[in-house]
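A structural walkthrough
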Amino acid sequence: MNRLTNFFQHRILKQRTVMGLLCGLILLAQVPVAQACPFCSAPSLTLTEQLSQSDVAVLVQWIEAEKGDLEKAGKTVFEVKEIIRQSDKDKLKVGDKITINRHRPGKKGNLFMLLGTKGAEVDWGDPIEVTETSYHYVSQAPPPEEKTSKRLRYFLKFLEFPDQMISNDAYAEFANAPYEDIATLSKDMPREKIRKWLSDPETPVTRIGLYGLLMGLCGQGEDVEFMEKKINEPTKDFRLGIDGVISGYLLLTGSDGLDKIDESKFVPKDVAFSETYAAMQALRFMWTYGDGRIDKARLRKSMRLLLDRPELTDLVVADLARWDDWSVMNRLMEMYGAEDYNIPSIKRAIVRYLLVASKGKNKNGGGPDAATTEKAKELLAKLREEDPKTVKSAERFFFLK
């Protein structure tokens, strides 16, 4: 478990480094971006996407295979059982034999999907082993061209399906989907099942973030205590997905819930870094997707609490700049170079905060008033004189759109 904890802590630190660079590059870029589920694992190509991208697709049965050696390649022979897709020019029919030039172990009768792209001849991809159940799941799924919310309604039924291939693929469909499309399904979500999945130690940890988010979308008052217990479980290990659970909790409870997150994750100094960071991610989620569930002034107030955590300060300062919070300018100058904050990344973040403030109103109407802008310019001039090396470093990768 320690190795797993170290792995995820390293992943967070790596993510922080990338985020810090991006903050410098495009600190206040106000460009709307369609994002995949914010608390799911990395998007992957789903079965329906693979199917839609193929020129030819057939359901086949394994016949025989031969291993290769130094002199010849291996081969596998399949028999076509069903034509899923082919053009009018293709001549494949049920009962035809297809030979691919690589060895694929199997047993007589095993079912596979073969997906191919057209060139001078069909180039077949790696065979995808299926059962009758998983084949019907794929063949009956709405194609990628359909409205995302309609497609997700189909895949919702297959989360935690006994066939792992199906449940993994259904989860991947949600992982690839924008939050806005997931949220439209709130009335269709199986609330009691989701609550059970969150409680079940056998549930893959990679899915906890999604299920926490779903719980927040479909949960009721009686689920609040359940989610609080989940969030506050004592642990010394990194908990993958707890950011999604906290976000779901905030969707369900609003400002009252955020008061409790302040008390349990932000104010105490002995809370594990990973837990505080997860709660910070939930703040960012509510800012972007909360749709006013928690007032933005209230979100800023919680983010300001994290200035007391030097290990997060550089990220917090960048967020406060993006969130047009200019109330901390004097405080940041007091922190600049102070004992716990005398860290290059923190000092660069403060300089970039001042750079943003010095630009005044942006084209989207955000940014500080004239008095704040003038003050930022004065403070920047002071830092250029006292610490020119840091200011130059901060400006190097700074672009304001």
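Model, not experiment: these values are computed from the prediction.

**Notes on the overall build of the protein**
When helices and strands are counted, the protein shows 18 helices and 6 strands. Counting all 401 residues of the protein, 48% fall into the buried class. Looking at the protein alone, contacts between residues at least 24 apart form 66% of all its contacts between residues at least 6 apart. Accessible surface, the protein: about 20900 Å² in total, of which carbon and sulfur atoms supply 50%. Averaging the locations of the 60 positively and 59 negatively charged side chains of the protein gives two centres separated by 2 Å.

**Observations regarding the state of the cysteines**
Counted under the stated rule, the structure contains 1 disulfide. Bridging C37 to C40, the disulfide has an S-S length of 2.2 Å. Its torsion about the S-S bond being 70°, the disulfide of C37 and C40 is classed as right-handed. For C40, a relative accessible area of 15% gives the class buried. C218 carries a free sulfur, and the closest cysteine sulfur to it, the one in C37, is 14 Å from it. By relative accessible area, C218 is classed as buried at 10%.

**Observations regarding the domain arrangement of the protein**
Assigned domains within the protein: domain 1 (47-132) and domain 2 (309-400). For domain 1 versus domain 2, the distance between C-alpha centres works out to 59 Å.

**What to know about the packing of helix 4 (residues 148-156) against helix 5 (residues 164-176)**
Look at helix 4 against helix 5: their axes get within 9 Å of each other, and the N-to-C directions meet at 150°. It follows that helix 4 is roughly antiparallel to helix 5 by the angle criterion. When you trace helix 4 past helix 5, the crossing you get is left-handed. For the pair helix 4 and helix 5, contact is made by R151, L152, F155 and L156 and by D169, A170, E173 and F174, respectively. The residue inventory of the contact of helix 4 with helix 5, partitioned by class, reads 5 nonpolar, no polar and 3 charged.

**With respect to helix 16 (residues 344-358)**
Quick reminder: α-helices carry 3.6 residues per turn. Residues three or four places apart thus point the same way. In this model helix 16 runs 21 Å from its N-terminal to its C-terminal C-alpha over 15 residues, within 8% of the 21 Å that 1.5 Å per residue would give. Positive phi shows up at G360, right after helix 16, with a value of about 75°.

**A look at the pattern of salt bridges**
Tallied over the entire structure, the rule returns 26 salt bridges. R207 is paired through a salt bridge with E160; the nearest N and O atoms lie 2.6 Å apart. Here E160 lies in the loop between helix 4 and helix 5 and R207 lies in the loop between helix 7 (191-199) and helix 8 (208-218), a separation of 47 residues in the sequence. Notably, a salt bridge pairs K265 with E275, separated by 2.8 Å at the nearest N-O pair. Of this pair, K265 sits in helix 11 (residues 255-266) while E275 sits in helix 12 (residues 273-289), and the two are 10 residues apart along the sequence. For the pair K265 and E275, one class covers both residues: buried. The network of salt bridges with shared partners includes R191, R195, E222 and D223.

**Focus: the environment of D324**
Among the structural elements, D324 can be located in the loop between helix 14 (313-322) and helix 15 (329-335). Taking C-alpha positions, D324 is 9.1 Å from R300, a pair spaced 24 residues apart along the chain. The residues touching D324, leaving out its near neighbours within four places in the chain, are R300, G366 and G367. At 3.1 Å, the side chain of D324 forms a polar contact with the backbone nitrogen of G367.

**As for the packing of aromatic side chains**
Within a pair of aromatic rings, the relevant descriptors are the distance that separates the centres and the angle that separates the planes. The tally for this structure, following the rule as stated, stands at 15 aromatic pairs. An aromatic cluster is defined as three or more aromatic residues linked by ring pairs; in this entry it consists of Y137, Y154, F155, F158 and F161. Over the ring of W287 we find K296, and its NZ or CZ is 4.3 Å from the ring centre.

**Observations concerning the pairing of strand 1 (residues 56-66)**
Of the pairings in the sheet, the one linking strand 1 to strand 4 (residues 111-118) comprises 6 bridges and is antiparallel in character. Within strand 4, the position partnered with V56 by the bridge is G116.

**With respect to unusual backbone geometry**
For D291, which is not a glycine, the phi torsion comes out positive at approximately 55°. Considering the arrangement of structural elements, one finds D291 in the loop between helix 12 and helix 13 (296-305). Residue D291 is classed as exposed on the basis of its relative accessible area of 77%. In the Ramachandran plot, D324 falls in the positive-phi region, its phi being about 55° despite a non-glycine side chain. On the basis of relative accessible area, D324 is assigned to the partly exposed category, the value being 27%.

**Overview of the nonpolar core**
Core analysis: the largest hydrophobic core is formed by 102 residues, its most contacted members being I182 and Y353. Here this core gets 10 residues from one element, more than from any other, and that element is helix 12. Residue assignment places this core across two domains, with domain 1 (47-132) and domain 2 (309-400) each supplying three or more. Residues contacting I182, with those up to four places away along its chain left out, are C37, L152, F174, A177, M189, L210, L214 and L217.

The rules behind the values
Residues numbered from 1 in each chain as written. Predicted model: local features only at pLDDT ≥ 70, side-chain atom pairs only at ≥ 80, totals over all residues. Heavy atoms only, no water. Helix = DSSP H or I, 4+ residues; strand = E, 2+ residues; numbered from the N terminus. Buried < 20%, exposed > 50% of the residue type's maximum accessible area, 1.4 Å probe, protein only. Contact = heavy atoms within 4.5 Å. Areas by Shrake-Rupley, 256 points an atom, 1.4 Å probe, with all protein chains shown as cover. Lys, Arg positive; Asp, Glu negative; His and termini not counted. Charge placed at Lys NZ, Arg CZ, Asp CG, Glu CD. Disulfide = S-S within 2.5 Å. Domains from an automatic or database assignment. Axes fitted to C-alpha atoms, helices over the stretch in contact; angles between N-to-C directions. Parallel < 35°, antiparallel > 145°, perpendicular 65-115°, else oblique. Left-handed = near helix turned anticlockwise from the far one by under 90°. Nonpolar A, V, L, I, M, F, W, Y, C, P; charged D, E, K, R; others polar. Expected span 1.5 Å × (residues − 1). Salt bridge = Lys/Arg side-chain N within 4 Å of Asp/Glu carboxyl O. Polar contact = N/O pair within 3.5 Å; in protein donor to acceptor, adjacent residues only side chain to side chain. Phe/Tyr/Trp six-rings, centres within 6.5 Å; stacked < 30°, edge-to-face > 60°. Lys NZ or Arg CZ within 6 Å of the ring centre and 35° of its normal. Pairing = 2+ DSSP bridges. Core = buried A, V, L, I, M, F, W, Y, C linked by side-chain atoms within 4.5 Å.

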